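One-letter residues, chain by chain:
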Amino acid sequence: MGLTLELAHIYKAYGGQQVVTDCSFTFEPGGTYVIMGPNGCGKSTLLRIAALLEKPDQGEVKFLNGGNPIEPDINLKRRLTMVFPRVGVFNTTVAKNVAYGLQIRGVAKSEMQARVDSALELVRLTHKRTQRALTLSSGETMRLGLARGLAIEPDILFLDEPTTSIDVANTKIIEQVLRRISQDKKLTLIIVTHDAAQAARFSGRLLFMRDGNLVDHL
Amino acid sequence: METISQGFSRAVNLIFSGDRELFEIILLSLRVSGAALLLAALIGLPAGALFALKRLPLRSLVINLMNTFMGLPPVVVGLVLYLILSRSGPLGILSLLYTPSAMIIAQTVLATPIVFSLSLAAIVAVDPVIRQAARTLGATPFQEALTLIREARYGITAGIIAGFGRVSAEVGAVLMVGGNIAHYTRVMTTTIALETDKGEFDLAMALGIILLTLSLLVNFGLRAMQRQGQVEARFRQWD
Ligand SMILES: Nc1ncnc2c1ncn2[C@@H]1O[C@H](COP(=O)(O)OP(=O)(O)OP(=O)(O)O)[C@@H](O)[C@H]1O
Ligand SMILES: [Mg+2]
């Protein structure tokens, strides 16, 4: 059973500047959502709030399982993950970066190995597995970030501009992976992008952020 | 001039003759400073991490105090500990004065602020995006702290090495609470001070050479850690 994410009347301001204003939206399990909007309109902020990384000033971030609300404890938090525009790689090998989320969950070694392998395979970084992660190119770094998030098999995957600063080839790999995930409908994808053509290719529900809220049309 | 060069060659001979007393002294020095460092790391690193990661009350006061204590005059530490450990002092019943334990305590007091402050600085310097990554990948606050400590490992190691450099070269505190008792509490620095005072330079010079070599190694270690940290920081260009 997937997770429903429900935002209810979310407000967030930074130093008097209202960034998110009365934002309400429900993300259904297995859905794909693409969020667009100009720089500084609050997309990243909203994503951080929805991913339970930051508290809203007002409003509620609710998670439901078959209609029943779930406590936002560590177990729930472990069902969500976000890939940031700057990945934040750990200073160790590529494989150990991907293993991180599994290690802290105490996943058994053999299963960890298998999941790391398949995540690396998916983003085509298998040949880089023993390389130090900090020496990857920017495109490879983003693919690593994606693999690291996928390895923990989240119910909801947030992606904040996963292809903004990388080239066509890397973008293609990432889009391929995301499109496959989107078709499988096993997890909810929430993607922020500035690329309208890309947004169309994801064939999910397109949302715009306007006046601190999510809307269907500009 | 002659005495210096003659003394030097006699000192070198002493080192290579495997003199028992000399090695006893070196060993005790390393044991005292090593134990003090271990204790300082056990206290200073977790405390430094705590203050780096949590918005604790009195945070900036504690950080400022610890920064100031990095330069504590060893004789002042010696004096205060002497008063606490002497027979009429509050901890007099433990009979620790003039024992290696007292020397370890003194050096722990000297090293802890260094380990604390440098660990804190190293952890604070870790890119905030690393912390966010740990969190979103499901780390508990404790796992998050361990991750950041690991990311700051070069800076933390540099702090521990710097602490070792300070205590192993220090003479005031160990002399006052250790008493420089032969075969019991004599360490390199106190022996150098005492032997020089007596006008007997061979052992003093031999120990001086060892001490210099040690501090050379400490500096090499420090530089290596700092360089490694810088090299790896440079890679974080697009991440
Ligand atoms: N921690 C913070 N402190 C102060 N202001 C902040 C903070 N985080 C975000 N802001 C402000 O909130 C506004 C929205 O920022 P946010 O990063 O959410 O925008 P965005 O829609 O993701 O923009 P972009 O497309 O450029 O990534 C900006 O004006 C930003 O300066
Ligand atoms: Mg943003």
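Residues numbered from 1 in each chain as written. Chains lettered and ligands numbered in written order. Predicted model: local features only at pLDDT ≥ 70, side-chain atom pairs only at ≥ 80, totals over all residues. Heavy atoms only, no water.

Draft legend 1. Representation of the packing of helix 2 (residues 20–53) of chain B against helix 11 (residues 201–235) of chain B. All names here are of chain B. Interaxial distance between helix 2 and helix 11 falls to 11 Å at its minimum, and their mutual angle equals 35°. For the pair helix 2 and helix 11, the sense of crossing is right-handed. Only Leu203, Ala206, Leu207, Ile210 and Leu214 of helix 11 make contact with helix 2, whose side of the interface consists of Glu21, Leu22, Ile25, Ile26 and Leu30. The class makeup of the residues in the contact of helix 2 with helix 11 is nine nonpolar, no polar and one charged. (Axes fitted to C-alpha atoms, helices over the stretch in contact; angles between N-to-C directions. Helix = DSSP H or I, 4+ residues; strand = E, 2+ residues; numbered from the N terminus. Left-handed = near helix turned anticlockwise from the far one by under 90°. Contact = heavy atoms within 4.5 Å. Nonpolar A, V, L, I, M, F, W, Y, C, P; charged D, E, K, R; others polar.)

Draft legend 2. View of the sheet that holds strand 10 (residues 213–215) of chain A. Residues and elements named next belong to chain A. Overall, mixed pairing links the six strands, which are arranged 6-7-8-3-9-10 in an open sheet. Bordering the open sheet on either side are strand 6 (80–83) and strand 10, each of which pairs with just one other strand. With direction set aside, neighbouring strand axes in the sheet form an average angle of 20°. Pairing geometry for strand 6 and strand 7 (residues 156–160), over four bridges, is parallel. Bridge pairing links Val83 to Leu159 in strand 7. Relative to strand 6, helix 5 (residues 138–151) is tilted by about 180°, and along the sheet it contacts strand 6 and strand 7. Most of the contacts of helix 6 (residues 168–184) go to strand 8 (residues 188–192), to which it runs at about 140°, and overall it touches strand 3 (32–36), strand 7 and strand 8. (Pairing = 2+ DSSP bridges.)

Draft legend 3. Main features of the interface of chain B and chain A. The interface is formed by 23 residues belonging to chain B together with 28 residues belonging to chain A. Carbon and sulfur atoms supply 54% of the area buried between chain B and chain A, which totals about 2300 Å² over both sides. Its salt-bridge partner being Arg86 of chain A, residue Asp127 of chain B comes within 2.2 Å of it at the nearest N-O pair. If you look at where chain B meets chain A, you find ten residue pairs in polar contact (both at pLDDT 80 or more). Of all the elements in the fold, those that place two or more residues in the side of chain B that touches chain A are helix 6 (128–136), helix 7 (141–151), helix 8 (153–168) and helix 11 of chain B. No other element matches helix 6 of chain B, which puts seven residues into the side of chain B that touches chain A. (Buried area = accessible area lost by both parts, 1.4 Å probe. Salt bridge = Lys/Arg side-chain N within 4 Å of Asp/Glu carboxyl O. Polar contact = N/O pair within 3.5 Å; in protein donor to acceptor, adjacent residues only side chain to side chain.)

Draft legend 4. Quick look at the packing of aromatic side chains. Tallied over the full model, the rule gives six aromatic pairs over all chains. Seen from their ring centres, Phe25 of chain A and Tyr33 of chain A are 5.9 Å apart, and the 85° between their planes marks the pair as edge-to-face. Ring geometry for Tyr82 of chain B and Tyr98 of chain B: centres 6.5 Å apart, planes at 65°, overall edge-to-face. Highlighted residues: Tyr82 of chain B in helix 4 (residues 74–85) and Tyr98 of chain B in the loop between helix 4 and helix 5 (100–124), separated in sequence by 16 residues. On the basis of relative accessibility, which here comes to 34%, the residue Tyr98 of chain B falls in the partly exposed class. Aromatic ring contacts, followed pair by pair, group Phe25, Phe27 and Tyr33 of chain A into a single cluster. (Phe/Tyr/Trp six-rings, centres within 6.5 Å; stacked < 30°, edge-to-face > 60°. Buried < 20%, exposed > 50% of the residue type's maximum accessible area, 1.4 Å probe, protein only.)

Draft legend 5. View of the site of ligand 1. Residue and element names in this part refer to chain A. The environment of ligand 1 is made up of 14 residues, and the closest members are Asn39, Gly40, Lys43, Ser44 and Thr45. Note that an oxygen atom of ligand 1 is positioned 2.8 Å from one of the side-chain N or O atoms of Asn39. Separating an oxygen atom of ligand 1 from a side-chain N or O atom of His194 is a distance of 2.9 Å. Burial of ligand 1 by the protein chains amounts to 62% of its free accessible area of 630 Å². (Near = heavy atom within 4 Å. Areas by Shrake-Rupley, 256 points an atom, 1.4 Å probe, with all protein chains shown as cover.)

Draft legend 6. Quick peek at the pairing of strand 1 (residues 4–14) of chain A. Residues and elements named next belong to chain A. Note: strand 1 against strand 4 (residues 58–65), six bridges, orientation antiparallel. Paired with Thr4 across the bridge in strand 4 is Leu64. Connecting strand 1 to the antiparallel partner strand 2 (residues 17–27) that follows it, the hairpin turn spans two residues, and Gly15 within it adopts a positive phi of roughly 50°.

Nothing here speaks to function; it is all geometry.
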